[in-house]
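# Inside the fold
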Amino acid sequence: MIHYGLKGVIAAETKISHVDGEKGQLIYRGYEIGEITETYSFEETAYLLWNAKFPTNRQLSELKASLIDNRELPSYMIDLIRSLPDEMNMMSVLRTVISAEGRRNYGWKPTIEQAIRITAMTPTIIAYRKRHLEGKTFISPKPELNHIENYLYMLNGEVPLKAHVNALETYMILTMEHGMNASTFSARVTASTESDLVSAITSAIGTMKGPLHGGAPSEVITLLNEVHEQGDAEKVIRNKLNRGEKLMGFGHRIYKTVDPRSVALKSKLLAFSGEDEWLDLSMKVEKLGVQILEEVKPGRSLYTNVEFYAAAIMKAVQMEKELFTPTFTASRIVGWSAHILEQAENNVIFRPQSKYIGPVNKKEESK
């Protein structure tokens with residue numbers, strides 16, 4: 001029996017995360033995702049995924065210091081960012097510049113220190129490239145800012161609002177890890193050959209670049225823009241459904257009930273109600289959307305997914321569509337590297353088989 005795309009095939013055991021689409025659960029190292037986003041920071045959650053436990057105060061301070069120390073890019077990377085063609089998209093830039101990190105001594109086995117370095121560098125690469133394309137000077141990392149604050153600061157040159165930092169941090173915690181998805185599988189396959197961490201990460205980035213996996217929630221932005229411009233959310237939603245269009249940001253391929261990431265994100269955003277019009281608008285559209293979908297398509301259980309609120313957050317922090325998937329990647333690097341480290345603990349090379357369906361004897365057929 002052939003399992004096209006390896007769908008449903010269990011290829012590895014993991015202690016990193018668990019996704020239960022029927023129950024609407026996402027668990028990191030034994031902790032429900034809602035508990036994590038309510039209590040812990042990006043840095044603490046990254047430590048959990050890498051070390052299977054939350055850090056002590058001292059360990060957290062050491063991790064923060066290491067992330068700060070590795071934020072700035074070496075000169076050859078800065079030169080590379082400037083030299084790549086302007087039309088080269090950001091995911092290709094990320095893949096190329098991180099690949100250049102391979103000039104350092106990355107060998108087998110991968111280490112947490114290597115994972116920290118790549119995690120720290122990625123937001124800087126994105127921010128420097130963005131500002132280069134805009135013809136603006138690079139903004140150096142600010143050591144007193146945390147990982148998410150510093151990312152927004154380097155992008156825009158201003159210390160960001162607390163509401164924006166909290167919203168983006170919650171989103172990036174929620175997207176750090178999501179089981180054996182396509183890009184994580186790519187990372188583990190590359191690592192299984194005893195290649196280095198940089199190569200495994202660039203494999204994952206190449207996979208994430210594909211629109212079937214890392215596609216940005218741009219359609220949700222379109223929906224929110226329409227509601228904002230017309231001022232009537234119910235009318236926009238009903239018109240779309242009457243035309244037979246999908247309501248983007250509602251429903252999920254894996255989760256058959258509420259997307260736990262959406263619930264966690266909404267919970268955090270409610271705390272900042274009234275502080276940003278786009279976050280407020282998204283909550284209004286979500287409420288109406290769920291009500292109207294239940295009326296029009298009863299029993300389908302079409303709730304908002306994480307990309308719905310992700311779009312609202314990106315709009316609120318004034319992040320262009322071209323940065324959606326790279327920002328997703330900046331968080332998922334933590335999950336990828338955790339899987340690469342886990343693969344190295346008990347490594348077996350991936351060697352799936354294929355079934356040949358071509359001709360057996362072309363010479364005989366031509367007679």
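Residues numbered from 1 in each chain as written. Predicted model: local features only at pLDDT ≥ 70, side-chain atom pairs only at ≥ 80, totals over all residues. Heavy atoms only, no water.

### Some thoughts on the overall build of the protein
Counting its regular elements, the protein contains 18 helices and 3 strands. Scaling as 2.2 N^0.38, a compact globule of 367 residues should have a C-alpha radius of gyration of about 21 Å, and the protein matches this with 22 Å. Here the protein holds 367 residues, and the buried ones make up 50% of them. Sequence separation of 24 or more characterises 75% of the internal contacts of the protein that already satisfy a separation of 6 or more. As displayed, the protein offers around 17800 Å² of accessible surface, 49% of which is attributable to carbon and sulfur atoms. (Helix = DSSP H or I, 4+ residues; strand = E, 2+ residues; numbered from the N terminus. Rg over C-alpha atoms; globule rule 2.2 N^0.38 Å. Buried < 20%, exposed > 50% of the residue type's maximum accessible area, 1.4 Å probe, protein only. Contact = heavy atoms within 4.5 Å. Areas by Shrake-Rupley, 256 points an atom, 1.4 Å probe, with all protein chains shown as cover.)

### A short note on the packing of helix 3 (residues 57-69) against helix 6 (residues 112-133)
For any two helices packed against each other, the geometry is given by the interaxial angle and the distance between the axes. In contact at an axis separation of 8 Å, helix 3 and helix 6 are set at 55° when each is read in the N-to-C sense. Relative to helix 6, the element helix 3 lies oblique. Considering only the axes of helix 3 and helix 6, their crossing is right-handed. Together, Leu63, Ser66 and Leu67 of helix 3 and Ile116, Thr119 and Ala120 of helix 6 make up the contact between the two elements. (Axes fitted to C-alpha atoms, helices over the stretch in contact; angles between N-to-C directions. Parallel < 35°, antiparallel > 145°, perpendicular 65-115°, else oblique. Left-handed = near helix turned anticlockwise from the far one by under 90°.)

### So, helix 9 (residues 182-192)
The element helix 9 is largely enclosed, with a buried count of 8 among its 11 residues. Taken as a whole, helix 9 has its buried residues at Ser183, Thr184, Ser186, Ala187, Arg188, Thr190, Ala191 and Ser192.

### A word on the sheet that holds strand 3 (residues 31-32)
Judged by pairing direction, the sheet is antiparallel, and its 3 strands sit side by side in the order 1-2-3 without closing on themselves. Of all the strands in the sheet, just strand 1 (17-20) and strand 3 have a single pairing partner and so form its edges. (Pairing = 2+ DSSP bridges.)

### Concerning the nonpolar core
Ranked by size, the top nonpolar core spans 105 residues in total, and within it Trp50, Ile98, Leu168, Tyr171, Ile201, Val285 and Met319 carry the most contacts. Apart from residues no more than four positions distant in its own chain, Val285 is found in contact with Leu223, Leu224, Val227, Ala233, Ile237, Phe250 and Phe308. (Core = buried A, V, L, I, M, F, W, Y, C linked by side-chain atoms within 4.5 Å.)

### Some words on the pairing of strand 2 (residues 25-28)
Strand direction decides the pairing type here: strand 1 and strand 2, joined by 4 bridges, are antiparallel. The residue of strand 2 that forms the bridge with Val19 is Leu26. Count of turn residues in the strand 1/strand 2 antiparallel hairpin: 4 residues, of which Gly24 carries a positive phi of about 70°. Note that strand 2 and strand 3 share 2 bridges and pair antiparallel. When the bridges of strand 3 are listed, Ile27 appears paired with Glu32. Hairpin connection of strand 2 to strand 3: 2 residues between the antiparallel strands, including Arg29 at a positive phi of 50°.

### What to know about the packing of aromatic side chains
Counted by the stated rule, this structure contains 4 aromatic pairs. Judged by centre distance (4.3 Å) and plane angle (10°), the rings of Tyr128 and Phe138 are stacked. Taken as a pair, Tyr128 in helix 6 and Phe138 in the loop between helix 6 and helix 7 (147-156) lie far apart in primary sequence, 10 residues in all. Taken as a pair, Tyr128 and Phe138 share a single burial class, namely buried. Ring centres of Phe185 and Phe350 lie 5.3 Å apart, and the angle between their planes is 80°; on these two criteria the pair is classed as edge-to-face. On the criterion of sequence distance, the pair formed by Phe185 in helix 9 and Phe350 in the loop between helix 17 (324-345) and helix 18 (362-365) is long-range, its members being 165 residues apart. The partly exposed category is assigned to Phe185, whose relative accessible area is 23%. Aromatic ring contacts, followed pair by pair, group Tyr31, Tyr40 and Phe54 into a single cluster. (Phe/Tyr/Trp six-rings, centres within 6.5 Å; stacked < 30°, edge-to-face > 60°.)

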